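Chain and residue survey
Given next are the chains, with one letter for each unit.
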Amino acid sequence: MARSRLERLAIVSDVHGNLPALRAVVEDLERVKPDRVIVNGDMVNRGPEGSAVLETIDALGWEMTLGNHDDLLRMWTERDPSLPSSWFSDPFWRSTGWCAHEVASAGWLPRIETLPRTVEIREAGADTIIVSHGSPRHYREGYGKHLSDEAISEIVQMHPYDVLIGSHTHIPMQRAWGKHVVLNSGAVGSPFNGDPRAQYLVVTQKDGVWVPEFRRVAYDREAAFEAYEATGYLEQAGLSAWLYRLELATARSLLVPYMMWAETEGMTLDEVGWRAFVADRSLHLTAPDEAGASIVARREAIGVA
Ligand SMILES: [Fe+2]
Ligand SMILES: [Fe+2]
């Protein structure tokens, strides 16, 4: 069969400024040889090398969709009124300001503004696909185990594609809904499923049906940790940058659960609040492999101990 047809599609997502993780995926894709690559949002923020990530993707000619973190950096730079005004002076949000400045000063915001929220794929004789960072109706509505049957039912009724591919939750997933298949690509830059490797999705067409393969790629995580320091991000951006680095080390979601807990308990988003969260949840923050050992050894510095 001629390779001008789209037979193999790669969905790479949630790189979050982690250049070493992206490079490992680029190398892996040289073996996978997809016909098309879609970078499904959240290229930037959290990690410190957002503009280098965008440059790398752009140089490869890969298309991108808009993720909530990409949009957040634009909104931050424009002081968008939909963001709480308190964020701009709150030390906890300094990491967002740092990343927004890094990406904006390299001239990437106009490109981010043009990114589509969805990409539709219709190949003759094959099942239809819609790709979006969250769901097609909202970039923060990720496909995951917490998404209710009612929500999936509504999404599929509004967007009746055979295959719906999303990202955003940082946890790979496959779920059937009637004749529809719902897939989550997982995350390249900061997975939350306990496996620190860079994760992404490949779908390959066989007799018109898209067969998923969830790939996991080991990469130089020490280089990713080092970038937090070499760029000055860790020192300048404060607690939230430390928490993003801790998420990278543990391959777990920590920052959002902490924010939700703090809101419920009326606690502060600072080191005192973080220590109280760790105690309240009896968290034992250990890294899943030796590459994360350095951050565990430094727990005390970020108020984890
Ligand atoms: Fe993300
Ligand atoms: Fe996201």
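Residues numbered from 1 in each chain as written. Chains lettered and ligands numbered in written order. Predicted model: local features only at pLDDT ≥ 70, side-chain atom pairs only at ≥ 80, totals over all residues.

Scanning the chain from terminus to terminus reveals 12 helices and 10 strands. Radius of gyration (C-alpha) of the chain: 19 Å, near the 19 Å computed for a compact globule of 305 residues. Judged by the C-alpha coordinates and their principal axes, the chain covers about 60 × 40 × 40 Å. The buried share of the chain, reckoned over its 305 residues, is 44%. Counted over contacts in the chain with a minimum sequence separation of 6, partners at least 24 positions apart contribute 67%. (Helix = DSSP H or I, 4+ residues; strand = E, 2+ residues; numbered from the N terminus. Rg over C-alpha atoms; globule rule 2.2 N^0.38 Å. Buried ≥ 20, exposed ≤ 12 C-beta atoms within 10 Å, placed from the backbone. Contact = placed C-beta atoms within 7 Å.)

Located in the positive-phi region is Lys33, a residue other than glycine, with phi close to 50°. By the secondary structure assignment, Lys33 is in the loop between helix H1 (19-32) and strand E2 (36-39). The phi torsion at Arg46 lies on the positive side, around 75°, for a residue other than glycine.

Glancing now at the sheet that holds strand E3 (residues 63-64). Adjacent strands of a sheet form backbone hydrogen bonds with each other and so pair up, either parallel or antiparallel. Judged by pairing direction, the sheet is mixed, and its five strands sit side by side in the order E3-E2-E1-E9-E10 without closing on themselves. Here the strands that pair on one side only, and so sit at the sheet edges, are E3 and strand E10 (209-217). In the sheet, strand E9 (residues 198-206) pairs with E10 via nine bridges, with the strands oriented antiparallel. Across the sheet, the residue bridging to Leu201 is Phe214, located in E10. Along the sheet, H1 contacts strand E1 (8-12), E2, E9 and E10; its crossing angle with E9, the most-contacted strand, is approximately 25°. (Pairing = 2+ DSSP bridges. Axes fitted to C-alpha atoms, helices over the stretch in contact; angles between N-to-C directions.)

Looking now at helix H2 (residues 50-60). Each α-helix turn comprises 3.6 residues. Residues three or four places apart therefore point the same way. Those residues of H2 that fall on the buried side of the exposure criterion are Gly50, Ser51, Val53 and Leu54. The arc that holds the buried residues of H2, viewed along the axis, is 155°, so those residues lie on one side. Exposed residues lying more than 90 degrees from the buried face of H2 are Ala59 and Leu60. On its buried side, H2 packs onto H1 and helix H4 (94-105). (Arc of directions from axis to C-beta.)

Turning our eyes to something else, we now look at helix H11 (residues 271-280). Looking at H11, one finds that the buried residues are Gly273, Trp274 and Phe277. Down the axis of H11, the sector holding all buried residues measures 100°, keeping them to one side. Turned more than 90 degrees off the buried face of H11, the exposed positions are Val272 and Ala279. Elements that come into contact with the buried residues of H11 comprise helix H9 (239-250) and helix H10 (255-265).

We now examine the packing of H1 against H2. It is the contact of H1 with H2, at a shortest axis distance of 9 Å, that shows an interaxial angle of 20°. By the angle class used here, H1 and H2 are roughly parallel. Judged by the sense of rotation from one axis to the other, the crossing of H1 with H2 is right-handed. Each of Leu19, Leu22 and Val26 in H1 lies in contact with H2, whose residues at this interface are Ala52, Val53, Thr56 and Leu60. (Parallel < 35°, antiparallel > 145°, perpendicular 65-115°, else oblique. Left-handed = near helix turned anticlockwise from the far one by under 90°.)

Bringing the domain arrangement of the chain into the picture now. Domain annotation of the chain identifies domain 1 (8-217) and domain 2 (238-302). A C-alpha centroid distance of 24 Å is found between domain 1 and domain 2. Contact with domain 1, which involves 15 residues of that partner, is made by 15 residues of domain 2. Class assignment of the residues belonging to the side of domain 1 that touches domain 2 gives a composition of six nonpolar, six polar and three charged. (Domains from an automatic or database assignment. Nonpolar A, V, L, I, M, F, W, Y, C, P; charged D, E, K, R; others polar.)

For the rest of this paragraph, the subject is the environment of Arg5. Examined against the element boundaries, Arg5 turns out to sit in the segment before E1. Sequence separation between Arg5 and His159 is 154 residues, and the spatial gap between their C-alpha atoms is 24 Å.

With respect to the helices, strands and loops of the structure, Val217 is situated in strand E10. Beyond its immediate sequence surroundings of up to four residues, Val217 is in contact with Ala24, Val25, Asp28, Arg197 and Ala198.

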